Amino acid sequence: MKDFPIYTTAVLGAAATYTSVWKRVRYIPASTFQTVPHSFDWSEYIHGIVFSDVAGTLWIDHSNDSTTVHWQESFAVGAGLAGALAYNRPLYGAFFRLRYVNGAAPQTAFSLSGILSGAQ
């Protein structure tokens, strides 16, 4: 899949926001040896890691149409290695995107990843 995983290391300014493009929840093969063509499972989870040297908030937006946020959840991310967040969340809706809202100071280090999977 050419547009996965979601990954950025672009540092953010004070109170700035990173927003990924909307991603469609895609099929993930249950096995590389499929006996029935098109016998695929839906992606059910997004997981990844967020690291920042400035505390902020990770948002996962869920949508049915890739335009309107129909449901969202947020997670506090602390500063530095002790504040890094590893997440594994269920997907709701046909589309999702990741957002990170930076804290009050400019970052000098930032890493955000998101990968789809069919199982928790």
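Our subject is the structure that appears above.
About the cut-offs
Residues numbered from 1 in each chain as written. Predicted model: local features only at pLDDT ≥ 70, side-chain atom pairs only at ≥ 80, totals over all residues. Heavy atoms only, no water. Helix = DSSP H or I, 4+ residues; strand = E, 2+ residues; numbered from the N terminus. Buried < 20%, exposed > 50% of the residue type's maximum accessible area, 1.4 Å probe, protein only. Salt bridge = Lys/Arg side-chain N within 4 Å of Asp/Glu carboxyl O.

A. Region of interest: unusual backbone geometry. Even without a glycine there, the phi angle at Ala15 is positive, about 60°. On the secondary structure map, Ala15 appears in the loop between β1 (6-8) and β2 (17-19). Given the relative accessible area of 56%, Ala15 is considered exposed. Unusually for a residue other than glycine, Ser66 sits at a positive phi of about 65°. With respect to the secondary-structure elements, Ser66 resides in the loop between β7 (56-63) and β8 (71-77).

B. Focus on the pattern of salt bridges. Under the counting rule described, the total for this entry stands at three salt bridges. Arg97 serves as the salt-bridge partner of Asp61, at 2.8 Å between the closest nitrogen and oxygen. Taken together, the positions of Asp61 in strand β7 and Arg97 in strand β10 (residues 95-102) put the pair 36 residues apart, joining distant regions of the chain. The class of Asp61 is buried, set by a relative accessible area of 0%. Residue class for Arg97 comes out buried when judged on its relative accessible area of 18%. Between Arg89 and Glu73 there is a salt bridge; the shortest N-O distance is 2.9 Å. Separated by 16 residues along the polypeptide, Arg89 in strand β9 (residues 85-90) and Glu73 in strand β8 bring together distant segments of the chain. Using a relative accessible area of 9% as the deciding quantity, one classes Glu73 as buried. Put simply, Asp61, Arg97 and Arg99 are held in one network by salt bridges that share partners.

Function cannot be inferred from these measures alone, as they are strictly geometric.
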